[in-house]
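# What the coordinates show
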Amino acid sequence: MKSSCGTRFTFLALYLFAVQCVYAGSFHKDVNIHWGDGRGKIHDNEGKLLSLSLDKSSGSGFQSNQEFLYGKAEVQMKLVPGNSAGTVTTFYLKSHGTTWDEVDFEFLGNITGHPYTLHTNVYTKGLGDKEQQFHLWFDPTAGFHTYCITWNPQSIIFTVDGIPIREFKNSESIGIHFPKSQPMRVYASLWEAEHWATRGGLEKTDWSKAPFTAYYRNYNVEGCVWANGKSSCPKKSHWFTKKLGKGGMNKVKWAQRKYMVYNYCTDKKRFPQGVPAVCT
């Protein structure tokens, strides 16, 4: 019995150590608060906690100092509490130019007591129209939760607290564009979009509740850093070859069955000629 307990304790200690070591990034070193005129703030010397704020004059945002051609971007977020209607809090990847690539986590605020909508999308060559939306199984304003985008040559995987909710597979073999040639930065922002964000713009922003504030912590990106026209990938990176197996796809099906509120793949009004080929 002592041996069993000791083994369990050792495993638990190693697990906790591993969890603590996952987050190696620093907001001080790894990102630039590139807009907001002081509305974005880093709160500690180690650069683990950052806040973004929105008032009637401006929102705020940060971007990674480096560009990546494939990577795993992860952060913990605590969203604007209370009446957040009209606000959009984001964590996403994006390239430059008029035919950009982009991978989105966007959190659409709501009036008090109603759930946030988690909006996901993938843009390739400047074209999006691949939206899937969810209501989460927890209150994202009550505490921090982990959101992760894994982007590799096989697929793009969206996870929430380690649970995959969506996989966008590389379907170039059937003529579907996939982000593979444009390096992307990691971005985050808090901004106002009351004309569309909450129930299609029916719920407007209550500016008497401003400033609205969201928190980010434990930012970490492991990726193929782009510099001088080429990328350099870390050796033996598990994320670079990751794709969802049967267990992972069962989790996606669970999340989509219970919590998905919109899926472009089933929107026949929007696509009267048939759903996009990538959905099949």
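Since this is a predicted model, take the numbers as computed values, not measurements.

### Comments concerning the sheet that holds strand β4 (residues 60–64)
The strand order β1-β4-β13-β6-β7-β8-β9-β16 describes an open sheet built from eight strands, whose pairing is antiparallel. If you trace the sheet from one side to the other, it starts and ends with β1 (31–35) and β16 (260–263), each paired once. For this sheet the average axis-to-axis angle between neighbouring strands, irrespective of direction, equals 15°. Sheet topology places strand β8 (residues 117–123) next to strand β9 (residues 132–134); three bridges connect them, and they run antiparallel.

### Observations regarding the UniProt feature "glycosylation site" (unreviewed entry) in the protein
The residues that UniProt annotates with the feature "glycosylation site" (unreviewed entry) are Asn110. Within the secondary structure, Asn110 sits in the loop between β7 (102–108) and β8. The buried category is assigned to Asn110, whose relative accessible area is 11%. In contact with Asn110, other than residues within four places in its own chain, are Gly82, Asn83, Ser84, Ala85, Pro115 and Thr198.

### Examining the side chain of Glu203
Within the secondary structure, Glu203 is located in the loop between β13 (185–192) and β14 (212–227). With relative accessibility at 19%, the residue Glu203 sits in the buried group. Separated by 2.9 Å, the side chains of Glu203 and Arg199 make a polar contact.

### What about the pairing of β13?
With respect to burial, β13 is a largely interior element, six of its eight residues being buried. Alignment of β4 against β13, held across four bridges, turns out to be antiparallel. Bridge assignment links Gly61 to a residue of β13, and that residue is Ser189. Here eight bridges tie strand β6 (residues 87–94) to β13, and the two strands are oriented antiparallel to one another. If you follow Thr89 over to β13, its bridge partner there is Leu190.

### Focus on the side chain of Ser60
Summarising the element assignment, Ser60 is placed in strand β4. Dropping the residues within four chain positions of it, Ser60 is found in contact with Trp35, Gly36, Arg39, Gly40, Leu52, Ser53, Ala188, Ser189 and Leu190.

### A few points about the nonpolar core
If you look at the biggest cluster of nonpolar residues, it comprises 51 residues, and the most contacted ones within it are Phe62, Phe91, Phe105, Phe107, Ile156 and Tyr216. In terms of residues, this core owes the most to one element, strand β5 (residues 67–78), which gives six residues. Apart from the residues within four sequence positions on either side, Phe62 is in contact with Phe27, Val31, Asn32, Ile33, His34, Leu50, Leu52, Val186, Tyr187, Ala188, Tyr216 and Tyr219.

### A closer look at the state of the cysteines
For the structure shown, the criterion picks out one disulfide. Covalent S-S linkage joins Cys224 and Cys233, the inter-sulfur distance amounting to 2.1 Å. Residues Cys224 and Cys233 share a disulfide whose torsion about the S-S bond is about 105°; that sign makes it right-handed. Residue Cys224 is classed as buried on the basis of its relative accessible area of 0%. Of the residues examined, Cys233 reaches a relative accessible area of 36% and is grouped as partly exposed.

### Here we look at helix α3 (residues 246–259)
Its 14 residues give α3 an end-to-end C-alpha distance of 20 Å, which sits within 8% of 20 Å, the value for a rise of 1.5 Å per residue. Residues of α3 that are buried include every one of Gly248, Val252, Ala255 and Tyr259, and no others. End-on view of α3: buried residues confined to an arc of 75°, all on one side of the axis. Structural note: α3 exposes Lys246, Lys253 and Arg257 on the side pointing more than 90 degrees away from its buried face. Turning to α3, the residues buried within the fold contact β9, β12 (163–169) and β16.

### What about unusual backbone geometry?
Each neighbour pair has its own omega, and for Ala210 with Pro211 the value is 0°, a cis peptide bond. Relative to the assigned elements, Pro211 resides in the loop between β13 and β14. Unlike most non-glycine residues, Lys125 shows phi in positive territory, near 55°. The phi angle at Asp161 is positive, at roughly 50°, despite the residue not being glycine. Mapping Asp161 onto the fold places it in the loop between β11 (155–160) and β12.

About the thresholds
- Residues numbered from 1 in each chain as written.
- Predicted model: local features only at pLDDT ≥ 70, side-chain atom pairs only at ≥ 80, totals over all residues.
- Heavy atoms only, no water.
- Pairing = 2+ DSSP bridges.
- Helix = DSSP H or I, 4+ residues; strand = E, 2+ residues; numbered from the N terminus.
- Axes fitted to C-alpha atoms, helices over the stretch in contact; angles between N-to-C directions.
- UniProt positions renumbered as here; feature names shortened; annotations may be inferred.
- Buried < 20%, exposed > 50% of the residue type's maximum accessible area, 1.4 Å probe, protein only.
- Contact = heavy atoms within 4.5 Å.
- Polar contact = N/O pair within 3.5 Å; in protein donor to acceptor, adjacent residues only side chain to side chain.
- Core = buried A, V, L, I, M, F, W, Y, C linked by side-chain atoms within 4.5 Å.
- Disulfide = S-S within 2.5 Å.
- Expected span 1.5 Å × (residues − 1).
- Arc of directions from axis to C-beta.

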